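As a plain string of letters, each chain reads:
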Amino acid sequence: QHYEETGCRLPPGNETVETLLSASKFDGLSDKEDFLSMATSLSQNPTQGYLQAEITYRRSVLLRSEAHISESDLVIQEFLNRQSVDLSQGSHLLGLLHISQANNHIYHFDFSRAREQLRKWHPSGNELSEGELRVLCDQICCNGRILRGEGRFDEAKVCFEGCLRTPGLPSSKRRLIMSQLADVYCELHYATGQIAYLNTAREMVQPEIDSVRACCPHSMALRRLLLSLSEIEIRLGHHDNVKHLIDEVLNIYNMLPEPDINDK
C-alpha cells in the first residue's frame, strides 16, 4: 500500500518476491492476482527457479479457483517445458505442480490422468524435508479425492485418515481434510447402512466446528465442516438441527465478496 500510494517501485530481490508470495495466500481473488503479478514481474532471473516454480504453482491454484482450468494447466506445462529452470533449492515444488495438474484433471473427472500426475513426484529420500512432508500429505490427500471420485470409499478413507496423522499439519488444512473424511464416512454409511460411520464422523466434526466458530467464524474450514455436519445430521434424521446449520452456512456464503469455484 505504501509503494502504491507513493508511486515508488517495489525493491527487487528474493525477499520481496517471497513476501508477495506469502501475501498471495490470503485476501480475495483480485488481491491474489495483484500480488502474483507483482511477484512475476520481480522474478525474471533464471537462477531463482524455486521462486518461479512457487509463483507458477500459486498462479495455477488461483486460475483453478476462478474456474479457468485449462489456463491453470497451461501455465504449469509452460513452466515444466523450460529446460533451464533449476529447482535445486526447492525440488518439492515440482511435486506441488504435479498435484495442481492432478487437481485440474479431477475437475474434469479424468481420474486416470490425475493419478498419472501424482506418480510423477517422489520424495528425494527417507529423511523428508518439511517441504517434502507437506507435499507428500497433499499427494495422499489428492489420491483420496481420486479414489472417492472413483467410488472406492474404503481406500479413500485410508488416505484421508493417513493425512490426518501427518506431523505438524496446519489446523486449516487438517479441518479441510476432516470435512473430506466425514463426507467419505457418509458415503460408506450409504453403501453399508452402518450407523457407526455417521457417529464417528459427527464425533470428529462437531468439536472442530465449535473450535473454529470461536476463532475463524468466516473461514473456508468452517463452511466446509458445516456442510459435512449438515449431511451427517440429514442421514441421522436430525432435521431441526440441519435447518439451523444450513441457515448458518448460507449466511456465511452470502457474505463472501469473491467466492471461488468451490464455493460457487
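These notes cover the structure that comes with them. Remember, it's a predicted structure, so these values are computed and weren't measured experimentally.

**A closer look at the packing of aromatic side chains**
Evaluation of the coordinates by the stated rule reveals two aromatic pairs. Summarising the aromatic geometry, the rings of Phe109 and Phe111 are spaced 6.4 Å apart at their centres and angled 80° between planes, so their arrangement reads as edge-to-face. With relative accessibility at 14%, the residue Phe111 sits in the buried group. Above the face of the Tyr107 ring, Arg145 is positioned so that its terminal group lies 5.9 Å from the ring centre.

**Structural notes on the pattern of salt bridges**
Any two side chains of opposite charge can pair, on the condition that their charged atoms come close. Enumeration according to the criterion identifies 17 salt bridges in this entry. With its nearest N and O atoms 3.9 Å apart, the salt bridge here joins Asp183 to Arg148. On the criterion of sequence distance, the pair formed by Asp183 in helix 10 (residues 171–192) and Arg148 in helix 8 (residues 130–149) is long-range, its members being 35 residues apart. Classification of Arg148 as partly exposed rests on a relative accessible area of 29%. Residue Glu208 is joined to Arg175 by a salt bridge in which the shortest nitrogen-to-oxygen separation is 3.0 Å. Placement of Glu208 in helix 11 (residues 195–215) and of Arg175 in helix 10 is noted, with a sequence separation of 33 residues between them. Exposure remark for Glu208: the relative accessible area of 13% places this residue in the buried category. Given the relative accessible area of 8%, Arg175 is considered buried.

**Looking at unusual backbone geometry**
Of note, the phi angle at Ala67 is positive, near 75°, even though the residue is not glycine. Take Ala67: it is sitting in the loop between helix 4 (49–65) and helix 5 (69–80). You will see that Phe109, though not glycine, has its phi angle at about 60°, which is positive. Structurally, Phe109 can be placed in the loop between helix 6 (92–107) and helix 7 (111–118).

**A look at the environment of Arg174**
Checked against the element boundaries, Arg174 lands in helix 10. A relative accessible area of 23% places Arg174 in the partly exposed class. Sequence-wise, Arg174 and Leu222 are 48 residues apart; in three dimensions their C-alpha atoms are separated by 12 Å. Setting aside chain neighbours within four positions, we find Arg174 in contact with Leu164, Leu169 and Glu208.

**With respect to the side chain of Ser230**
Along the chain, the position of Ser230 falls in helix 12 (residues 220–236). In this structure, Ser230 is in contact with Val242, Leu245 and Ile246, ignoring residues within four places of it in sequence.

**Thoughts on the packing of helix 6 against helix 8**
Two elements in contact, helix 6 and helix 8, have axes separated by 9 Å at closest approach and are oriented at 15°. When the axis of helix 6 is compared with that of helix 8, the two are roughly parallel. In this structure, helix 6 meets helix 8 at a crossing whose hand is left-handed. In this structure, helix 6 contributes His92, Gly95, Leu96, Ile99, Ala102, Asn103 and Ile106 to the contact, and helix 8 contributes Gly131, Glu132, Arg134, Val135, Asp138, Gln139, Cys142, Arg145 and Ile146. Of the residues that constitute the contact of helix 6 with helix 8, the class distribution is seven nonpolar, five polar and four charged.

**As for the layout of surface pockets**
Of the pockets and cavities examined, the second largest pocket occupies roughly 420 Å³. Along the wall of the second largest pocket there are 16 residues; nearest its centre are Gln1, Leu10, Leu20, Phe35 and Met38. At the level of elements, helix 1 (2–6), helix 2 (14–23) and helix 3 (29–41) are the ones that each hand at least two residues to the lining of the second largest pocket. Ranked by residue count, the leading element in the lining of the second largest pocket is helix 3, at five residues. Broken down by class, the residue content of the lining of the second largest pocket amounts to seven nonpolar, four polar and five charged.

**Concerning helix 10**
Its 22 residues place the ends of helix 10 31 Å apart at the C-alpha level, agreeing with the 32 Å of an ideal helix rising 1.5 Å per residue. Looking only at helix 10, the buried set comprises Arg175, Ile177, Met178, Ser179, Gln180, Leu181, Ala182, Val184, Tyr185, Cys186, Leu188 and His189. Against the buried residues of helix 10 lie helix 8, helix 9 (153–164), helix 11 and helix 12. Downstream of helix 10 by one or two residues, Gly193 has phi in the positive range, about 80°.

Definitions and limits used
Residues numbered from 1 in each chain as written. Predicted model: local features only at pLDDT ≥ 70, side-chain atom pairs only at ≥ 80, totals over all residues. Heavy atoms only, no water. Phe/Tyr/Trp six-rings, centres within 6.5 Å; stacked < 30°, edge-to-face > 60°. Buried < 20%, exposed > 50% of the residue type's maximum accessible area, 1.4 Å probe, protein only. Lys NZ or Arg CZ within 6 Å of the ring centre and 35° of its normal. Salt bridge = Lys/Arg side-chain N within 4 Å of Asp/Glu carboxyl O. Helix = DSSP H or I, 4+ residues; strand = E, 2+ residues; numbered from the N terminus. Contact = heavy atoms within 4.5 Å. Axes fitted to C-alpha atoms, helices over the stretch in contact; angles between N-to-C directions. Parallel < 35°, antiparallel > 145°, perpendicular 65-115°, else oblique. Left-handed = near helix turned anticlockwise from the far one by under 90°. Nonpolar A, V, L, I, M, F, W, Y, C, P; charged D, E, K, R; others polar. 1 Å grid on protein atoms, 1.4 Å probe; cavity = no way out; pocket = protein on both sides within 12 Å on 5 of 7 lines; lining within 4 Å. Points joined across faces, edges and corners; volume = space filled by probe spheres on them. Expected span 1.5 Å × (residues − 1).

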